[in-house]
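Inside the fold
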Amino acid sequence: MDTNTIYAIVIFAVIAAVLIIGSWLIGRSRRNAINKSTEHAKAAADARLAAERAQAEQEEREAHERAKKPAESGGGQSSGGKPAEPTNEEKIEAEEPAISHAELEAQERERLSQTPPKLAAAEEVPGEESAQAESVVEDLAVVEEVPTPPAEQIEKPAGKKSRLQRLRERLSKSSNPFGKALFNILAKDQLSEADWEDVEDTLLLADVGAEASEELVDKLRTDARVTGESDPQQLRDALRSELLALVGPDMDRTLEAEKPDAKKPSVIIMVGVNGTGKTTTAGKLARLFVSEDKTVLLGAADTFRAAAADQLETWGAKVDVPVVRSDREGADPASVAFEASAKAKELGTDVLIIDTAGRLQNKANLMDELGKIRRVTEKNLPVDEVLLVLDATTGQNGMAQAKVFAEAIGITGVVLTKLDGSAKGGIVISVQKELGVPVKLVGVGEGPDDLAPFDPESFVDGILGE
């Protein structure tokens, strides 16, 4: 443990102690104020009871005196020898039972217990104690009036079938897919050398890569469906089969967490430079797993970007996925990854997705940091998947980034974002050829469910406009 860590622990302990002592002192002062206010209210109630008791005694004595007093005229009898008729007030008093002092006091105390004295009565207490009592009353009133916030509505993510359909539709509607440009060139009756050069240029502009472009041109030159006199459908079939062979339909593109023998929890680490949509992809990937009824936990290990953890929490809240994060900006990313893996192991979560920082991809410190995140995570759980997030619009410029990440942490698959609306779809071919790993997921829009498993046939059909 280094010196900075020890200092941080000591400072945290001191702050915690100060907060605890402060809370205890504040609570004690509030309790004292409440006790004094209550005692004052009780004293006032006792005084009122004494006054009422004295008044009741006086009224009782007067009633007895009136009852015993003989009639002033005729010795208590009328002139006719009959007793005097009592007045209405005397009849009512005679009918009402006499209330003893004990009963009167008991009734008053019962009334006070059912309706306790308001603490606002403490305003008669002079000095600081009264102000403290009023502040306590205000605090209690605020707590009582705060309504319980309504539960946030949990969304139901779209399934794989609708995602693949959306992938095909978005690619077919993209602006200038290179498949259409190739078809227009190859549909000519007689292909000259200049036409074949146009084919290769089209592939290069689409970021297919020099090696893959040359390989595709050589195969098309020897295909009878292209060089011979054939109908457009045969030409389209030939182009489709050659593009599909380059994309690699036989590559295993299944995520480790989706395999029948997947370990639980299955750990996925997301890597890539800032700006590629890495954190957004992590949130969308969580939605994809939730649509498959899997439990997910997110780890916000990108502690250098201020909004990264908040962004991840927003994604998680929509589908009821918890997030492990640090409350301090710039905290050690490896510690967040360690806590996330420990929590996933404790909960028995199906999938753990760890988002990482993506700054300074050409610097050794970031690469060392990613390696540390993987080593620390594997102390709790084995890392099953490392997905590299690439922006499809960057084309060959993203290949240098991809190679650096592949060497630093070792990747098992690629996620291509922003693939829709671009003529750069050929990067699917070049990135697989350069890195030797499959493209497993593609982003085809900005919607929450616009992340789809990569399907080679849908991709080729999309760029051909079918």
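Residues numbered from 1 in each chain as written. Predicted model: local features only at pLDDT ≥ 70, side-chain atom pairs only at ≥ 80, totals over all residues. Heavy atoms only, no water.

Under an unreviewed UniProt entry, the name given to the protein is Signal recognition particle receptor FtsY, and the source organism is Bifidobacterium animalis subsp. animalis IM386. Recorded under Function (unreviewed entry), the UniProt text for the protein is reproduced unchanged: "Involved in targeting and insertion of nascent membrane proteins into the cytoplasmic membrane. Acts as a receptor for the complex formed by the signal recognition particle (SRP) and the ribosome-nascent chain (RNC)." (UniProt positions renumbered as here; feature names shortened; annotations may be inferred.)

Digging into the UniProt feature "domain: SRP54-type proteins GTP-binding" (unreviewed entry) in the protein
Those residues carrying the UniProt feature "domain: SRP54-type proteins GTP-binding" (unreviewed entry) are residues 438–451 in this numbering. Note that residues 438–451 is 0% helix and 43% strand, and that its end C-alpha atoms are spaced 16 Å apart. (Helix = DSSP H or I, 4+ residues; strand = E, 2+ residues; numbered from the N terminus.)

Observations regarding the sheet that holds strand 5 (residues 383–391)
Overall, mixed pairing links the eight strands, which are arranged 3-2-4-1-5-6-7-8 in an open sheet. The open sheet is flanked by strand 3 (323–324) and strand 8 (451–453), the only strands paired with a single partner. The sheet contacts of helix 13 (residues 333–347) involve strand 2 (296–300), strand 3 and strand 4 (351–355), and relative to strand 2 the element is tilted by about 165°. (Pairing = 2+ DSSP bridges. Contact = heavy atoms within 4.5 Å. Axes fitted to C-alpha atoms, helices over the stretch in contact; angles between N-to-C directions.)

Let's talk about a nonpolar patch on the surface
A contiguous nonpolar patch, built from Ile6, Tyr7, Val10, Ile11, Val14, Ile15, Val18 and Leu19 and spanning about 780 Å² of accessible area, is present on the exposed surface. Mapped onto the elements of the fold, Ile15 is located in helix 1 (residues 3–68). (Patch = residues over 30% accessible without salt bridge, like charges linked within 9 Å, V, L, I, M, F, W, Y side chains within 5 Å. Areas by Shrake-Rupley, 256 points an atom, 1.4 Å probe, with all protein chains shown as cover. Salt bridge = Lys/Arg side-chain N within 4 Å of Asp/Glu carboxyl O.)

Observations concerning the environment of Pro448
With respect to the secondary-structure elements, Pro448 resides in the loop between strand 7 (439–443) and strand 8. Given the relative accessible area of 35%, Pro448 is considered partly exposed. Ignoring sequence-local partners within four residues, the contact set of Pro448 consists of Lys284, Arg287 and Trp315. (Buried < 20%, exposed > 50% of the residue type's maximum accessible area, 1.4 Å probe, protein only.)

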